[in-house]
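# Structure assessment
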Amino acid sequence: MTKEQYQKGIEKMLSGTKEERIFLASESLGLFCLFYFQHYFKYGLSDYQYTFISDMEEITECKIRELLLITFREGAKTTFAKLYLLWLISFKKREYVCIDSFDKENAERILFDIAYELTNNTRLRADFGLLFSKSRGIEDVKQNRINNFITENGIRVEAHSTGESVRGRLHLNKRPDFLLLDDFENNRTKESQAHTKQIRDHITEAMGGLAENGVILYLANYL
C-alpha cells in the first residue's frame, strides 16, 4: 500500500462501522498498527518501516518462511514486532507463538507489553473484546515480565531463552507456528564461539520443531 492508500484507509476506519474497521485491519497490518496503536506513532513512518510491514504480511501468508530485520538501534523493529504479534493474536492468524531471546527477561518483557495492550488499549478492546484477562502475580506486575499466557481466543504465547531446549513445545496437539527470535546475539556472545554455536544449534532445533505453516522472524542489530 502507498502512503496515500494508508491515509484513505485510516479515514475509512475512523468513519466506518466496527465491522468495516475489523475487515480493513484484518487485510492490512499497517492499518491495524496505525489505527489501534496511534500512540506509538508520533511521527510519520519511514520508508524502511513500510518495508517492515509488507515483509511481515508476506511471512503471515508463508510467501516468506524466515525474515531477518536488521537495523540500527532505536529503529523500532521490536515495536513493530510487538504490533505484528498483536495482529496475529487479534485475528488468530497463528495459534502458538514463541518468543526466544538470549536473555529470557527480554522475551518476558515483550509478552508483558503485549498483554498490557490487550488489556488496556481502548480501541482494541472496543472492537475485539478483552483478549487477555488472566490475573497475574504481583511480581509479574512489578517486574513488567510475563513468561506465558493463553488468550481468550485460544492462542498460547510463551517466552523462552535461547539457552533452553525447544523440545516438547506443544499447545494441545499443536507445535509452534510462529517464532520470534529477538536479541539472540549480543556483544557477549559474539566473542564466544561456544555461545554462537549453542545459539545456532538452538535455531536449527527450533526450525525442526515448527508446525508445517511455521515461520520465523529474527530481529538483530549490527555488532
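As the structure is a prediction and not an experimental result, all values here were calculated from the model. (Residues numbered from 1 in each chain as written. Predicted model: local features only at pLDDT ≥ 70, side-chain atom pairs only at ≥ 80, totals over all residues. Heavy atoms only, no water.)

Below, the discussion takes up unusual backbone geometry. In this structure, C62 is a non-glycine residue whose phi angle is positive, near 65°. You can see C62 is positioned in the loop between α4 (47-60) and β1 (66-71). Take C62: its relative accessible area is 27%, and that puts it in the partly exposed class. Although it is not a glycine, K92 adopts a positive phi angle of roughly 50°. Secondary-structure assignment places K92 in the loop between α5 (77-90) and β2 (96-101). (Helix = DSSP H or I, 4+ residues; strand = E, 2+ residues; numbered from the N terminus. Buried < 20%, exposed > 50% of the residue type's maximum accessible area, 1.4 Å probe, protein only.)

Here we take up the packing of aromatic side chains. Taken as a whole and assessed by the stated rule, the structure comprises 15 aromatic pairs. Seen in terms of ring centroids, Y84 and F178 are 5.6 Å apart; in terms of plane orientation they differ by 70°. Their pairing is edge-to-face. Note that Y84 is positioned in helix α5 and F178 in strand β5 (residues 178-182), a separation of 94 residues in sequence. What makes Y84 buried here is its relative accessible area of 0%. You can call F178 buried: its relative accessible area is 0%. (Phe/Tyr/Trp six-rings, centres within 6.5 Å; stacked < 30°, edge-to-face > 60°.)

Tracing the sequence through the fold places F35 in helix α3 (residues 29-36). Taking relative accessible area as the criterion, F35 reaches 5% and is therefore assigned buried. Between the alpha carbons of F35 and I10 there is a distance of 6.5 Å; along the sequence they are 25 residues apart. Setting aside residues up to four positions removed in sequence, F35 forms contacts with I10, M13, L14, R21, R123 and D127. (Contact = heavy atoms within 4.5 Å.)

To continue, consider α3. Counting buried residues in α3 gives seven out of eight residues, a clear majority hidden from the surface. The set of residues buried in α3 consists of L29, G30, L31, F32, C33, F35 and Y36. Structurally, α3 contributes buried residues whose contacts are with α1 (3-15), α2 (18-27), α4, α5 and α7 (122-128).

Our focus in this paragraph is α2. R21, A25 and S26 are the residues of α2 that are buried. All buried residues of α2 project into a common sector of 130° when viewed along the axis, lining one side. For α2, the exposed residues lying more than 90 degrees away from the buried face are E19, F23 and E27. Each element contacted by the buried residues of α2 is listed here: α1, α3, α5 and α7. (Arc of directions from axis to C-beta.)

This part is about the sheet that holds β2. Strands sit in the order β1-β6-β5-β2-β4-β3 across an open sheet of six strands; the sheet is mixed. Every interior strand has two partners, whereas the edge strands, β1 and β3 (148-150), have only one. When the angles between neighbouring strand axes are averaged without regard to direction, this sheet yields 15°. When β3 meets strand β4 (residues 156-161), the two strands line up antiparallel, connected through three bridges. Bridge pairing links F149 to V157 in β4. Its contacts with the sheet place α4 against β1, β5 and β6 (215-221), and it is angled at close to 165° to β1. (Pairing = 2+ DSSP bridges. Axes fitted to C-alpha atoms, helices over the stretch in contact; angles between N-to-C directions.)

So, about a nonpolar patch on the surface. Together, L68, I70 and Y222 make up a nonpolar patch on the protein surface, roughly 340 Å² of accessible area in all. With respect to the helices and strands, the residue Y222 is situated in the segment after β6. (Patch = residues over 30% accessible without salt bridge, like charges linked within 9 Å, V, L, I, M, F, W, Y side chains within 5 Å. Areas by Shrake-Rupley, 256 points an atom, 1.4 Å probe, with all protein chains shown as cover. Salt bridge = Lys/Arg side-chain N within 4 Å of Asp/Glu carboxyl O.)

This next bit is on the layout of surface pockets. A water-sized probe, rolled over the atoms, reveals where empty space remains. The computed volume of the largest pocket comes to approximately 350 Å³. If you go around the largest pocket, you meet 16 residues; those closest to its centre are K77, T78, T79, D182 and D183. Secondary-structure elements contributing two or more residues to the lining of the largest pocket are α5 and α6 (104-120). Across the lining of the largest pocket, the residue classes tally to three nonpolar, five polar and eight charged. (1 Å grid on protein atoms, 1.4 Å probe; cavity = no way out; pocket = protein on both sides within 12 Å on 5 of 7 lines; lining within 4 Å. Points joined across faces, edges and corners; volume = space filled by probe spheres on them. Nonpolar A, V, L, I, M, F, W, Y, C, P; charged D, E, K, R; others polar.)

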